Amino acid sequence: MDVLKEGLLKLDPGLLLWTIITFLVLVLILWKAAWKPIVEALDARAEKIRGDIENAEKTRIDSEKLLAQHREVLDKAHSEVAQIISDGKADAEKLRNSIVEKANHDAKEIMDRAKKEITLAKDKALSELNAEIVNLSTEIAAKVIAKNLKPEDQKSLVEEALTKMRTVQ
Amino acid sequence: MIHVLHQVSSFFTSGGGHGEEAKPISAIVNHHLTDSVFTTSAASHLDKSDYIGRIFMNVFSGINETVLNQKLFGIFDMRITRWVLMMWMAAFLCMLVFIPVARKIKNAKMGSRSKWVNLWEVLISFVHDEVVEPNFDHHYVKKAMPYFLTLFFFILFCNFLGMIPGMSTATGNLAVTGGLAILTLLGMLGVGMIKQGPFSYWAGLVPHGVPAFVIPLMFPIEIIGLLIKPFALTVRLFANMTAGHVVIIIFLYLACGMFKSFAVGVGSVVGSLMIYMLELLVAFIQAYIFAVLSAMFIGSSMHAH
């Protein structure tokens, strides 16, 4: 057992006791002075980080919900805008058609009236011309033939002349 | 050149001692890897220019020879040794690091920007996530944290202090690792007896459903199993921390004590450097393993299984 008394394998009871004493004293000192505050601070920090992560998750979910809402609103607005535009286009088309139609109609009316007026004026002018011609020819005939003719013959002559004129016309 | 290397290596491994020629390798290993009590005669051997070392040595040897010269209860030789001093340095370093870091972490609500603080925070979170949390119920984690944080960082600092030339690895000693393992054992027994009740804890050591006649056989086996756990912790940490040092010393001895040739010197220094790198890794891994196994043992003694 010499190897236990001297050399590498020597087990000195005094050193063993010193080890235990030193270690226990160190445990007590560090417990009060170092480990307690360190472990508490690290725990508190871990707790805080966990809380922060939870909060962030909650905020993320909220904002995603909000985003979906906004997207929905935006989509609705888009479709409304498209509706309004197409409505506007249809209205404009209708308006344009009605205006054009009215214009056409008016133009036609004006033209008809003008035609009618022209016809009327022409008829009037013709009848006036007829009367004038009758008068003139009567006067001319009266002057030329003078009193040779009876009024009845004169009249039948005039009418003959008038028919001729009308056929010519 | 070899002479310089020898001087450097003997300083390296002995903490500035003067290397005598023709010592057997076992004596060198013993010299560097075993404990030594501070005595006035050892203090007088120190170099005259090493004022701080001499003051320390004289103070400790003074205390040893006046206050602590009696054995406590006849067995405990409480004289301050190199290894005790190394433990105290590790403990002091722990306080030096973690008390200011604690204040900074407490004050910085959003997390400190300092790389120094964040480094330790990462290690603390590592202990929390890898050591304590998998082995303890949720509401005991906070209560268990201080013990395992101290255990991890104390072993880590002891291991790394031992990597500095001139220092010694306190955890490369059976008494030190044994002391820590005894605390783990006491933790297992204490937690088990408090959480399960003193009687049911011992009864729970034997698995349920075994035939009655096997119980007298099982009980001693389970007791041995209980004791083997801290014993394995003791030996694992001790052996891991010692083995690397032994290999480094042997590598340097090859060059300085055995062959005394330049070529061997280059090879052995490269070899010892590689072992040194490996030891840096081992120092961290072993601190983690000791802490995580302690947590596993203590955590599993909370419930009957």
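Remember, it's a predicted structure, so these values are computed and weren't measured experimentally.

Draft legend 1. How the structure looks around the overall build of chain B. Secondary structure summary: chain B contains 11 helices and 0 strands in total. Going residue by residue from the N terminus, the α and β elements of chain B occur as α-α-α-α-α-α-α-α-α-α-α. For chain B, long-range pairs separated by at least 24 residues make up 70% of all intrachain contacts whose partners lie at least 6 apart in sequence. Accessible surface computed for chain B: about 15,700 Å², of which carbon and sulfur atoms make up 72%.

Draft legend 2. The arrangement of the overall build of chain A in detail. The number of helices and strands found in chain A is 3 helices and 0 strands. For chain A, the succession of helices and strands along the chain, N to C, is α-α-α. The C-alpha radius of gyration of chain A comes to 64 Å, more than 25% above the 15 Å expected for a compact globule of 169 residues. Overall, the C-alpha framework of chain A stretches about 200 × 30 × 20 Å when taken along its three principal axes. For chain A, the exposed surface amounts to about 13,600 Å²; the carbon and sulfur share of it is 63%.

Draft legend 3. Inspection of the nonpolar core at higher detail. Formed by 83 residues in total, the largest nonpolar core has its most connected members in F98, F136, F148 and F153 of chain B. Looking at this core, the elements that each hand over two or more residues are helix 2 (13–145) of chain A together with helix 4 (51–66), helix 5 (82–107), helix 6 (115–132), helix 7 (141–161), helix 8 (174–196), helix 10 (215–259) and helix 11 (262–300) of chain B. The contacts of F153 of chain B, once residues within four sequence positions are left out, are W35 of chain A together with C94, F98, W120, L123, I124 and V127 of chain B. Membership of the second largest hydrophobic core comes to 6 residues, among which are V29, L33, V246 and I249 of chain B.

Draft legend 4. Region of interest: the side chain of H245 of chain B. Residue and element names in this part refer to chain B. Within the secondary structure layout, H245 lies in helix 10. Here H245 falls in the buried class, since its relative accessible area comes to 11%. Engagement of the side chain of H245 in a polar contact is seen with the side chain of E279, the distance being 2.8 Å. Apart from residues lying up to four places away in sequence, H245 is in contact with L33, G162, M163, T169 and E279.

Draft legend 5. Inspection of the interface of chain A and chain B at higher detail. At the interface, 35 residues of chain A touch 56 residues of chain B. Taken together, the two surfaces of chain A and chain B that pack against each other cover about 3,800 Å², and 82% of this comes from carbon and sulfur. At the surface where chain A touches chain B, the tally comes to 2 salt bridges. The tally of links between chain A and chain B comes to 4 residue pairs in polar contact (both at pLDDT 80 or more). A per-class count over the side of chain A that touches chain B returns 25 nonpolar, 4 polar and 6 charged.

Draft legend 6. Broad picture of the state of the cysteines. Here the structure, examined in full by the defined rule, presents 0 disulfides over all chains. Free cysteine C94 of chain B: the closest other cysteine sulfur is in C158 of chain B, separated by 7.7 Å.

Draft legend 7. Looking closely at the packing of aromatic side chains. Tallying each qualifying case throughout the model produces 19 aromatic pairs over all chains. With a centroid separation of 5.1 Å and 75° between ring planes, the pair formed by F152 of chain B and F153 of chain B is classed as edge-to-face. The class of F153 of chain B is buried, set by a relative accessible area of 0%. Taken together through their ring pairs, the aromatic side chains of W35 of chain A together with F98, W116, W120, F126, F152, F153, F157, F284 and Y288 of chain B make up a single cluster.

Draft legend 8. A look at the pattern of salt bridges. Residue and element names in this part refer to chain A. Summed over the entire model, instances satisfying the criterion amount to 7 salt bridges over all chains. Two residues, R60 and E57, come together in a salt bridge whose shortest N-O distance is 2.9 Å. A residue pair is termed a helical-turn pair when its members lie 3 or 4 positions apart in one helix, as R60 and E57 do in helix 2 at 3 residues. Look at R60 and you get partly exposed, because its relative accessible area is 39%.

Draft legend 9. Main features of the packing of helix 7 of chain B against helix 8 of chain B. Residue and element names in this part refer to chain B. One can describe the packing of helix 7 onto helix 8 by two numbers: an axis separation of 12 Å at closest approach and a directional angle of 165°. With respect to each other, helix 7 and helix 8 are oriented roughly antiparallel. The interaxial crossing formed by helix 7 with helix 8 has left-handed handedness. Contact residues: Y147, L151, F154 and I155 in helix 7; L180, L183 and T184 in helix 8.

Draft legend 10. Here's a closer look at the environment of L26 of chain A. Its location among the elements puts L26 of chain A in helix 2. The spacing of L26 of chain A and L15 of chain A is 11 residues in sequence and 16 Å in space, taken between C-alpha atoms. If we ignore the near neighbours within four places in the chain, the residues touching L26 of chain A are W31 of chain A together with A91, C94, M95, T150 and F154 of chain B.

Draft legend 11. Inspection of the environment of F148 of chain B at higher detail. All names here are of chain B. Structurally, F148 can be placed in helix 7. It is 7.3 Å that separates the C-alpha atoms of F148 and V132, two residues lying 16 residues apart in sequence. Once residues lying within four places of it in the same chain are set aside, the contact partners of F148 are V127, V131, V132, F136, A291, S294, A295 and I298.

Draft legend 12. Looking closely at a nonpolar patch on the surface. Residues and elements named next belong to chain B. Together, Y51, I52, I55, F56, V59 and I63 line one region of the surface with nonpolar side chains, adding up to about 620 Å² of accessible area. Inspection of the secondary structure assignment puts F56 in helix 4. For F56, a relative accessible area of 44% gives the class partly exposed.

Definitions and cut-offs
- Residues numbered from 1 in each chain as written.
- Chains lettered and ligands numbered in written order.
- Predicted model: local features only at pLDDT ≥ 70, side-chain atom pairs only at ≥ 80, totals over all residues.
- Heavy atoms only, no water.
- Helix = DSSP H or I, 4+ residues; strand = E, 2+ residues; numbered from the N terminus.
- Contact = heavy atoms within 4.5 Å.
- Areas by Shrake-Rupley, 256 points an atom, 1.4 Å probe, with all protein chains shown as cover.
- Rg over C-alpha atoms; globule rule 2.2 N^0.38 Å.
- Core = buried A, V, L, I, M, F, W, Y, C linked by side-chain atoms within 4.5 Å.
- Buried < 20%, exposed > 50% of the residue type's maximum accessible area, 1.4 Å probe, protein only.
- Polar contact = N/O pair within 3.5 Å; in protein donor to acceptor, adjacent residues only side chain to side chain.
- Buried area = accessible area lost by both parts, 1.4 Å probe.
- Salt bridge = Lys/Arg side-chain N within 4 Å of Asp/Glu carboxyl O.
- Nonpolar A, V, L, I, M, F, W, Y, C, P; charged D, E, K, R; others polar.
- Disulfide = S-S within 2.5 Å.
- Phe/Tyr/Trp six-rings, centres within 6.5 Å; stacked < 30°, edge-to-face > 60°.
- Axes fitted to C-alpha atoms, helices over the stretch in contact; angles between N-to-C directions.
- Parallel < 35°, antiparallel > 145°, perpendicular 65-115°, else oblique.
- Left-handed = near helix turned anticlockwise from the far one by under 90°.
- Patch = residues over 30% accessible without salt bridge, like charges linked within 9 Å, V, L, I, M, F, W, Y side chains within 5 Å.

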